[in-house]
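Here is what each chain is made of, one letter per residue.
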Amino acid sequence: ETELNLILEKTTNQNLKNIFTVAFNTGMRLSEILNMKSSWIDTQQNIITLKNSVDFTTKSKKERIIPIHKNILSILNRIKYDTTLSKVYIFSDDEGKKYNENFISKQFKKALRKAGLDDNLHMHNLRHSFCSNLVQKGVSLYVVKELAGHQQLSTTEIYSHLTHTNLSNAVAVL
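Computed from a predicted model, the values in this text were never measured in an experiment.

Draft legend 1. Quick look at the packing of helix 1 (residues 2–9) against helix 2 (residues 14–26). Taken N-terminus to C-terminus, the directions of helix 1 and helix 2 make an angle of 170°; their axes are 10 Å apart at the nearest point. By the angle class used here, helix 1 and helix 2 are roughly antiparallel. Side by side, helix 1 and helix 2 meet where Leu-4, Ile-7 and Leu-8 of the first sit next to Lys-17, Phe-20, Thr-21 and Phe-24 of the second. Partitioning the contact of helix 1 with helix 2 into residue classes produces five nonpolar, one polar and one charged.

Draft legend 2. A positive patch on the surface, seen in detail. Together, Lys-10, Lys-106, Lys-110 and Lys-114 make up a positively charged patch on the protein surface. Summarising the element assignment, Lys-114 is placed in helix 5 (residues 101–114).

Draft legend 3. Region of interest: the packing of aromatic side chains. Counted according to the given criterion, the structure contains three aromatic pairs. Considering the side-chain rings of Phe-20 and Phe-108, the 5.2 Å spacing of their centres and the 80° angle between planes classify their relative orientation as edge-to-face. On the criterion of sequence distance, the pair formed by Phe-20 in helix 2 and Phe-108 in helix 5 is long-range, its members being 88 residues apart. Among the residues examined, Phe-20 registers a relative accessible area of 0% and is labelled buried. Residue classification places Phe-108 among the buried residues on the basis of a relative accessible area of 2%. Judged by centre distance (5.8 Å) and plane angle (40°), the ring pair of Trp-40 and Phe-56 falls under tilted. In this pair, Trp-40 sits in the loop between helix 3 (30–34) and strand 1 (41–42) while Phe-56 sits in the loop between strand 2 (47–50) and strand 3 (64–67), placing the two residues 16 residues apart along the sequence. Classification of Trp-40 as buried rests on a relative accessible area of 4%.

Draft legend 4. Focus on the pattern of salt bridges. Counted by the stated rule, this structure contains six salt bridges. With its nearest N and O atoms 3.4 Å apart, the salt bridge here joins Asp-55 to Lys-37. Remark: Lys-37 occurs in the loop between helix 3 and strand 1 and Asp-55 occurs in the loop between strand 2 and strand 3; sequence separation between them is 18 residues. On the basis of relative accessibility, which here comes to 42%, the residue Asp-55 falls in the partly exposed class. Assessed through its relative accessible area of 18%, Lys-37 is described here as buried.

Calculation criteria
- Residues numbered from 1 in each chain as written.
- Predicted model: local features only at pLDDT ≥ 70, side-chain atom pairs only at ≥ 80, totals over all residues.
- Heavy atoms only, no water.
- Axes fitted to C-alpha atoms, helices over the stretch in contact; angles between N-to-C directions.
- Helix = DSSP H or I, 4+ residues; strand = E, 2+ residues; numbered from the N terminus.
- Parallel < 35°, antiparallel > 145°, perpendicular 65-115°, else oblique.
- Contact = heavy atoms within 4.5 Å.
- Nonpolar A, V, L, I, M, F, W, Y, C, P; charged D, E, K, R; others polar.
- Patch = residues over 30% accessible without salt bridge, like charges linked within 9 Å, V, L, I, M, F, W, Y side chains within 5 Å.
- Areas by Shrake-Rupley, 256 points an atom, 1.4 Å probe, with all protein chains shown as cover.
- Salt bridge = Lys/Arg side-chain N within 4 Å of Asp/Glu carboxyl O.
- Lys, Arg positive; Asp, Glu negative; His and termini not counted.
- Charge placed at Lys NZ, Arg CZ, Asp CG, Glu CD.
- Phe/Tyr/Trp six-rings, centres within 6.5 Å; stacked < 30°, edge-to-face > 60°.
- Buried < 20%, exposed > 50% of the residue type's maximum accessible area, 1.4 Å probe, protein only.

Next up, the structure:
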């Protein structure tokens, strides 16, 4: 979270800040974020449903439900996402066109460098942080697997970095 805040401080474009924040708080892949439409958002149930369509398919080819984190709800309220057809994508340029993934990744890299962070980090690390943070806070790997849209639990297990505190807490349960 500290590193994300440094990146956000070095990012001047509010759309980019929003995209980075959504990635960190939802674990959505960049392609999913950039293809997000207002029809995916249900503020009554407080969920985002990643939907397959003619022009977009999730990596797993399955729809996925992601609860809306309070930081994401704040962003959605701030941008007052358009439910008309005039703006197809939640995050688009001033002309309403979908952002290019490479453009967003390069902008993330620029902000990363300005913040003086490890140049080996990538936009996908925000998704990794989402999953790792959940595991570190005690969320079941099965739940993280579903939120991330992984097919195999072994993929999710990559995010289960055990710390000294995790091990101590486990023994303290006895």
